[in-house]
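# Working through the structure, step by step
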Amino acid sequence: MSAFLPKLKQLEHAASIVYETMAPTPQYAWPLLKAHLGAEIWVKHENHTPTGAFKIRGGLAYFHDLAKHKDRPLGVISATRGNHGQSVGYAARRYGMSATVVVPHGNSVEKNAAMRALGVGLVEHGADFQAARERALWIAQQRGLHMVPSFHPLLVQGVASYSLELLRAVPDLT
C-alpha cells in the first residue's frame, strides 16, 4: 500500500498548483468538540474551497498536468455522483477545456446544479455509478474526449495537499 502514498515532494508540488487557484483552507480546534469528546479535535475546513469540497484539489493537480501535454484535449468527460464532477468542471474551466459529466438518474439535484453552474455538460444515464461510468467511456470514444478517471495518482496528490497544510499548521498533532 505504501507504494501508492505520495512523497513529500509530490505533495508540495501539488500544493503549489492548488495555491495558484485558492488559498489554504483553515483548520480549528473547536472548544465544544473538546468538551464533548474529552480530546482536542482539529477540523480542516475544506468547505472553504471554491466548490465546498476537498476534491477540487485533485482536479487542479490533474488538469495542470493534462494542460501541459502537447496533445492537450479540448474536452474531457468523467462519471460521478457529485464532488468529483464539480472538481472536473472547475479545473476544466480553469485550464480552458470543455467538460461533460455523466451522472446516474436520480442523482442529487443540488450536485447536478453545482456542476452545471461550473459549465459542465451534464448527462444523466443509468441507475448507478457503474452505468454512468460505462456511458462516459462510450461517449469519450465517440467524441474523442479525454476520460478523467475517478482515481489517479495526481488526483490523490492534489487531494492529499490538505493533509500537508494540516500537519504544517498543527505540527504536534498526534
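Up top you'll find the structure we're talking about.
These notes cover the structure that comes with them. (Residues numbered from 1 in each chain as written. Predicted model: local features only at pLDDT ≥ 70, side-chain atom pairs only at ≥ 80, totals over all residues. Heavy atoms only, no water.)

Tracing the backbone through its elements, the reader meets Ala113 in helix H5 (residues 109-117). A relative accessible area of 42% places Ala113 in the partly exposed class. (Helix = DSSP H or I, 4+ residues; strand = E, 2+ residues; numbered from the N terminus. Buried < 20%, exposed > 50% of the residue type's maximum accessible area, 1.4 Å probe, protein only.)

A word on the packing of helix H1 (residues 8-18) against helix H7 (residues 153-169). Remark: H1 packs on H7, axes separated minimally by 8 Å, with the N-to-C direction vectors making an angle of 100°. One element, H1, and the other, H7, form an angle in the roughly perpendicular class. Contacts between H1 and H7 involve Leu8, Gln10, Leu11, Glu12, Ala14, Ala15 and Val18 on the former and, on the latter, Gln157, Gly158, Ala160, Ser161, Leu164 and Arg168. A class-by-class count of the residues in the contact of H1 with H7 yields seven nonpolar, four polar and two charged. (Axes fitted to C-alpha atoms, helices over the stretch in contact; angles between N-to-C directions. Parallel < 35°, antiparallel > 145°, perpendicular 65-115°, else oblique. Contact = heavy atoms within 4.5 Å. Nonpolar A, V, L, I, M, F, W, Y, C, P; charged D, E, K, R; others polar.)

A few words on H7. With 17 residues, H7 should reach 24 Å at 1.5 Å per residue; the first-to-last C-alpha distance of 24 Å fits that figure. At Val159, H7 shows its maximal kink, close to 30°. Listed in full, the buried residues belonging to H7 are Leu154, Leu155, Gln157, Gly158, Val159, Ala160, Ser161, Leu164, Glu165 and Leu166. Those residues of H7 that are buried lie in contact with H1, strand S1 (27-29), strand S2 (42-44), helix H3 (55-68) and helix H4 (83-94). (Expected span 1.5 Å × (residues − 1). Bend = angle between axes of the 7 residues up to and from the residue.)

Sheet strands line up and pair through hydrogen bonds in the backbone, either parallel or antiparallel. Strand order in the open sheet formed by four strands is S5-S4-S3-S6, with parallel pairing between adjacent strands. Two strands lie at the open edges of the sheet, namely strand S5 (121-124) and strand S6 (146-147), each paired on one side alone. Pairing geometry for strand S3 (residues 75-79) and S6, over two bridges, is parallel. The residue bridging Val76 from the neighbouring strand is His146, located in S6. Packed on one face of the sheet, H4 meets S3 and strand S4 (98-103) and runs near 170° to S4. (Pairing = 2+ DSSP bridges.)

Of all six residues in S4, five are buried, a share of seventy percent or more. Of the pairings in the sheet, the one linking S3 to S4 comprises five bridges and is parallel in character. From the neighbouring strand, Ser78 faces S4, where its bridge partner is Val101. The handedness of the S4 to S5 crossover, carried by H5, is right-handed. (Right-handed = clockwise from strand over helix to strand, strands pointing away.)

The subject of this paragraph is the packing of aromatic side chains. Aromatic ring pairs are defined here through the distance separating the ring centres and the angle between the ring planes. With the rule as written, the count across this model stands at three aromatic pairs. Between Phe54 and Tyr162, the ring centres sit 6.2 Å apart and the planes meet at 50°, which makes this aromatic pair tilted. Within this pair, whereas Phe54 is found in the loop between S2 and H3, its partner Tyr162 is found in helix H7, the two being separated by 108 residues in sequence. With 5.9 Å between their ring centres and 70° between their planes, Tyr62 and Phe63 make a pair best called edge-to-face. Looking at Phe63, the relative accessible area reads 0%, which means it is buried. Its end group placed over the ring of Tyr95, Arg94 keeps NZ or CZ at 5.1 Å from the ring centre. Stacked on the ring of Trp138, the Lys or Arg Arg135 has its end atom at 5.0 Å from the ring centre. (Phe/Tyr/Trp six-rings, centres within 6.5 Å; stacked < 30°, edge-to-face > 60°. Lys NZ or Arg CZ within 6 Å of the ring centre and 35° of its normal.)

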